[in-house]
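# An overview of the molecular structure
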Amino acid sequence: MKSNYSFYNSASAYYDKMIDFDSALQKRKILLSNFIDDIIKSVADVGCGTGVDSISLCQLGLDVTSFDPSSEMIKTARTNSDKHKCKIDFHTFGADDISKTFYNKFDLVVSLGNTIANINPKQIEKSFAKFYKMLKNDRKVLIQILNYEKILKDKERIVNITKKDNDYFIRFYDFGKKDLTFNILKFNADQTTQKEIISTKIFPYKSNEIKQILKKTGFKKIEMFGGLDKKLFDTKTSNDLLLFAMK
């Protein structure tokens, strides 16, 4: 079992291949445009990973500042942003320890890619408070997490299976009492004995829990969607949960 930090440092070596970065970038750019209007000029990407959302937002014409606790993810994100000729300001901070320097600076804070499921319950309220403080007045936060109400009910262990250049990546869960173990199994079809598996703890926050924390933090006008396409959220059928709320 790895710490969250070590897990994503390890995964950074093959993360872009696993998610098919270039394909994900094109899809993300189209979907994120659903949440962008003329008021939004500056955006913070919290939990930026290898930069797919940050680069998408930059290509939509926004001034992007990005944060991730994994130094290796940030290193890859910088390489990706250079490749796509995007000027993005990267910082190695977790959601709960972002500096006061960034308070009251942004028109939009996004935290996508299931980032908040990686935040320990002891830090989740502090993290949401950081989102709130980073925003200018009357600006918004956009949070995405998997629909854990459905996942916990169905007990579906397999998250995703992907293949790229004969490499297979299987993302799957082990179910605990209050948390989940998230695993990535990586192997090559020609060398199946040389497999790698990494694991870390994640926290299956449900829609009402997140909504209550947002309200407690001070957010208002909270909207819930089943994805970046703005479909209605359904606890039984939606794969994702998106929350869009105003400071």
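This text gives an overview of the structure that appears in the document.

The rules we used
For every chain, the first residue of the written sequence is number 1, and numbering continues from 1 along that sequence. The predicted origin of the model limits local features to residues at a pLDDT of at least 70 and limits the giving and counting of side-chain atom pairs to 80 or more, whereas totals for whole chains, interfaces and linings rest on all residues. For side-chain calculations, the full set of non-hydrogen atoms in the structure is used, while hydrogens and water are omitted. To qualify as a helix, a DSSP run of H or I must reach at least 4 residues; to qualify as a strand, a run of E must reach at least 2; elements of each kind are numbered from the N terminus. When a residue's accessible area, from a 1.4 Å probe over protein chains only, is under 20% of the maximum for its type it is buried; when over 50% it is exposed; and in between it is partly exposed. Counted as a polar contact is a pair of N or O atoms within 3.5 Å, where, for protein atoms, one must be capable of donating a hydrogen and the other of accepting one, and residues adjacent in sequence contribute only when both atoms are in side chains. In what follows, residue pairs with any heavy atoms lying within 4.5 Å of each other are defined as contacts. In this description, one arc is meant: the one made by directions from the helix axis to the C-beta atoms. Two cysteine sulfur atoms form a disulfide, by the criterion used here, when they sit within 2.5 Å. Strands are treated as partners if at least two bridges between them are detected by DSSP. Geometry is summarised by axes, namely lines fitted to C-alpha atoms with helices restricted to the contacting stretch, and by angles between N-to-C directions that run from 0 to 180 degrees.

With that out of the way, let us pick up the side chain of Asp-167. With respect to the helices and strands, Asp-167 occurs in strand β7 (residues 167–175). Asp-167 gets classed as buried once you look at its relative accessible area, which sits at 11%. At a separation of 3.0 Å, a polar atom in the side chain of Asp-167 contacts the side chain of Lys-17. Other than its neighbours up to four places away in sequence, Asp-167 contacts Lys-17, Thr-162, Phe-187 and Asn-188.

It is worth spelling out helix α8 (residues 207–217) at this point. Restricting attention to buried positions, one finds in α8 the residues Ser-207, Ile-210, Ile-213, Leu-214 and Thr-217. Buried residues of α8, seen end-on, are gathered within an arc of 135° and therefore sit on one face of the element. Projecting away from the buried face of α8 at angles above 90 degrees are the exposed residues Asn-208 and Lys-216. For α8, the secondary structure elements touched by its buried residues are α6 (121–134), β5 (135–146), α7 (148–154), β10 (220–225) and β11 (240–246). At the exit of α8 stands Gly-218, carrying a positive phi of roughly 120°.

So, on to unusual backbone geometry. In this structure, Asn-104 takes a positive phi of about 60° despite not being glycine. Along the chain, the position of Asn-104 falls in the loop between β3 (89–91) and β4 (106–111). Given the relative accessible area of 48%, Asn-104 is considered partly exposed. One non-glycine residue, Asp-165, lies in the positive phi region at around 55°. Assignment of secondary structure puts Asp-165 in the loop between β6 (158–164) and β7.

Any covalent bond linking the sulfur atoms of two cysteines counts as a disulfide. Under the counting rule described, the total for this entry stands at zero disulfides. With no disulfide of its own, Cys-48 lies closest to Cys-58 among cysteine sulfurs, the gap being 13 Å. Free of any disulfide, Cys-86 has its nearest neighbouring cysteine sulfur in Cys-58, separated by 3.5 Å. Given a relative accessible area of 9%, Cys-86 falls into the buried group.

We now examine the sheet that holds β3. If you walk across this open sheet you meet the seven strands as β3-β2-β1-β4-β5-β11-β10, and the pairing is mixed. Of all the strands in the sheet, the pair left with one neighbour each is β3 and β10. The mean angle between the axes of side-by-side strands here comes to 15°, regardless of whether they run parallel or antiparallel. In this structure, strand β2 (residues 63–67) lies alongside β3, joined through three bridges in parallel fashion. Paired with Phe-67 across the bridge in β3 is His-91. α8 rests against β5, β10 and β11 of the sheet, and its axis sits at about 15° to β11.

In this section: the side chain of Ser-111. Following the sequence through the fold, Ser-111 ends up in strand β4. In terms of polar contacts, Ser-111 uses its side chain to reach the backbone carbonyl oxygen of Val-46, at 3.2 Å. Among residues more than four places away in sequence, those in contact with Ser-111 are Val-46, Ile-116, Phe-131, Leu-142, Ile-143 and Gln-144.

All right, on to the sheet that holds β6 then. Read across the open sheet, the four strands follow the order β6-β7-β8-β9; overall the sheet is antiparallel. If you trace the sheet from one side to the other, it starts and ends with β6 and β9 (191–202), each paired once. Neighbour-to-neighbour, the strand axes of this sheet turn through a mean angle of 15°, independent of strand direction. Bridge count for β7 against strand β8 (residues 180–188) is nine bridges, and the pairing is antiparallel. Its bridge partner being in β8, Asp-167 is matched across the sheet by Asn-188. Strands β8 and β9 of the sheet are contacted by helix α1 (residues 4–11), whose axis makes an angle of about 145° with β9.

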